[in-house]
Amino acid sequence: ETGVTQTPRHLVMGMTNKKSLKCEQHLGHNAMYWYKQSAKKPLELMFVYNFKEQTENNSVPSRFSPECPNSSHLFLHLHTLQPEDSALYLCASSPRPGQGAYEQYFGPGTRLTVT
Amino acid sequence: SQQGEEDPQALSIQEGENATMNCSYKTSINNLQWYRQNSGRGLVHLILIRSNEREKHSGRLRVTLDTSKKSSSLLITASRAADTASYFCATDRNTGNQFYFGTGTSLTVIP
């Protein structure tokens, strides 16, 4: 897990707050991902970035805003969230996007609670 | 949906026994991967099997893939208490770089 770090590890925020989640990978990868993991549900892919460019947005509400300033850093900006957004948010990276078989390396996640 | 679906949802065994979990999916894939997740933590990659492979081994792990049945199985032999975790299969789409995960199998190994 030390290859991909996430901060903060836990976050409690009110529905009117604005906060950001940070992800950093030290593996030299070119693709980064945000996932949402809720209880009893499959892991949901939210966003994909390849070489800093967003390539996937799986119908994520606009209250989630990703930012990828470079291939090593990924942010998820949060504003006016709803209680149902409470979940574990996982960041992942992979060596190369698209073609070929590759594995994803996950960070430890940020446990988000919206009150 | 193309996501993998694991079966059973929960499995409890004694240390030393073998654990088998299954994954089914709906459309053709390039690769299938298995991941492990300890409680409240990130996922850790275990093994990848390509669509043209039928079986793969890694230590105490054995993965099979049957593309005609669109299913895969993960066997953990001689289980240990440290194997207690949730196990997920992930399938990829033929194009793009999206993975589809299921809800996982929660494995408990009793010492």
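Only a predicted model underlies this, so the values are computations on that prediction, with no experimental measurement involved.

Rules used in this analysis
- Just so you know, the residues in each chain are numbered from 1, in the order the chain's sequence is written.
- Here chains are named by letter from A upward and ligands by number from 1 upward, in the order in which they appear as written.
- Side-chain atom pairs in this predicted model are given and counted only at pLDDT of 80 or more, local residue features only at pLDDT of at least 70, and totals for whole chains, interfaces and linings cover all residues.
- Excluding hydrogens and water, the side-chain figures rest on all heavy atoms present in the structure.
- Secondary structure follows DSSP: runs of H or I at least 4 residues long count as helices, runs of E at least 2 residues long count as strands, and numbering of each begins at the N terminus.
- It only takes one pair of heavy atoms within 4.5 Å for two residues to be counted as in contact.
- Partly exposed residues are those whose accessible area sits between 20% and 50% of the maximum for their type, while under 20% is buried and over 50% is exposed, using a 1.4 Å probe and protein chains only.
- When charges are tallied, Lys and Arg are placed among the positive residues and Asp and Glu among the negative ones, while His and the ends of the chain are skipped.
- Here, a salt bridge means any Lys or Arg side-chain nitrogen found within 4 Å of an Asp or Glu carboxyl oxygen.
- In short, DSSP must find at least two bridges between two strands for them to pair.
- The convention used is that axes are lines fitted to C-alpha atoms, helices contributing only their stretch in contact, and that angles between N-to-C directions extend from 0 to 180 degrees.
- N or O atoms within 3.5 Å of each other form a polar contact, as long as, within protein, one can give a hydrogen and the other can take it, and as long as residues adjacent in sequence are counted only when both atoms are side-chain atoms.

Peer 1: I would appreciate a short explanation of the environment of I76(B) in the present structure.
Peer 2: Residues and elements named next belong to chain B. Counting through the fold element by element, I76 comes out in strand β8 (residues 71–76). The spatial distance from the C-alpha of I76 to the C-alpha of Q33 is 15 Å, given a sequence separation of 43 residues. Beyond its immediate stretch of four places on either side in the chain, I76 contacts E17, N18, A19, M21, R60, L61, D83, Y87 and L107.

Peer 1: Whenever I open this one, the side chain of K36(A) confuses me. Can you help?
Peer 2: All names here are of chain A. Checked against the element boundaries, K36 lands in strand β4 (residues 31–37). The side chain of K36 sits in the buried core without any salt bridge; D85 is the nearest counter-charge, 4.2 Å away. Those residues in contact with K36 that lie beyond four places of it in its chain are P42, L43, E44, M46, E84, D85, A87, L88 and Y89.

Peer 1: In this structure, what is going on with the sheet that holds strand β3 (residues 18–25) of chain A? I would like to understand it.
Peer 2: All names here are of chain A. The strand order β1-β3-β8-β7 describes an open sheet built from 4 strands, whose pairing is antiparallel. Every interior strand has two partners, whereas the edge strands, β1 (4–7) and β7 (64–70), have only one. Taking each pair of neighbouring strands and ignoring which way they run, the sheet shows an average axis angle of 20°.

Peer 1: Quick question: what am I supposed to make of the pattern of salt bridges here?
Peer 2: Where charged atoms from two side chains of opposite charge approach closely, those side chains can pair. A full pass over the atoms with the stated rule returns 4 salt bridges over all chains. Measuring nitrogen to oxygen at the nearest pair gives 2.7 Å for the salt bridge that ties R63(A) to D85(A). Linking R63(A) in the loop between β6 (53–57) and β7 with D85(A) in the loop between β8 (73–79) and β9 (87–94), this pair joins segments that are 22 residues apart in sequence. Between R62(B) and E55(B) there is a salt bridge, with the nearest N and O atoms lying 3.1 Å from each other. A relative accessible area of 30% means that R62(B) is categorised as partly exposed.

Peer 1: Hey, could you run me through the environment of T80(A) in this one?
Peer 2: Residue and element names in this part refer to chain A. The residue T80 is located in the loop between β8 and β9 in this model. Overall, the relative accessible area of 40% leaves T80 in the partly exposed class. C-alpha separation for the pair T80 and K19, spaced 61 residues apart in sequence, amounts to 9.6 Å. One polar contact links T80 to H79, side chain to side chain, over a distance of 3.4 Å.

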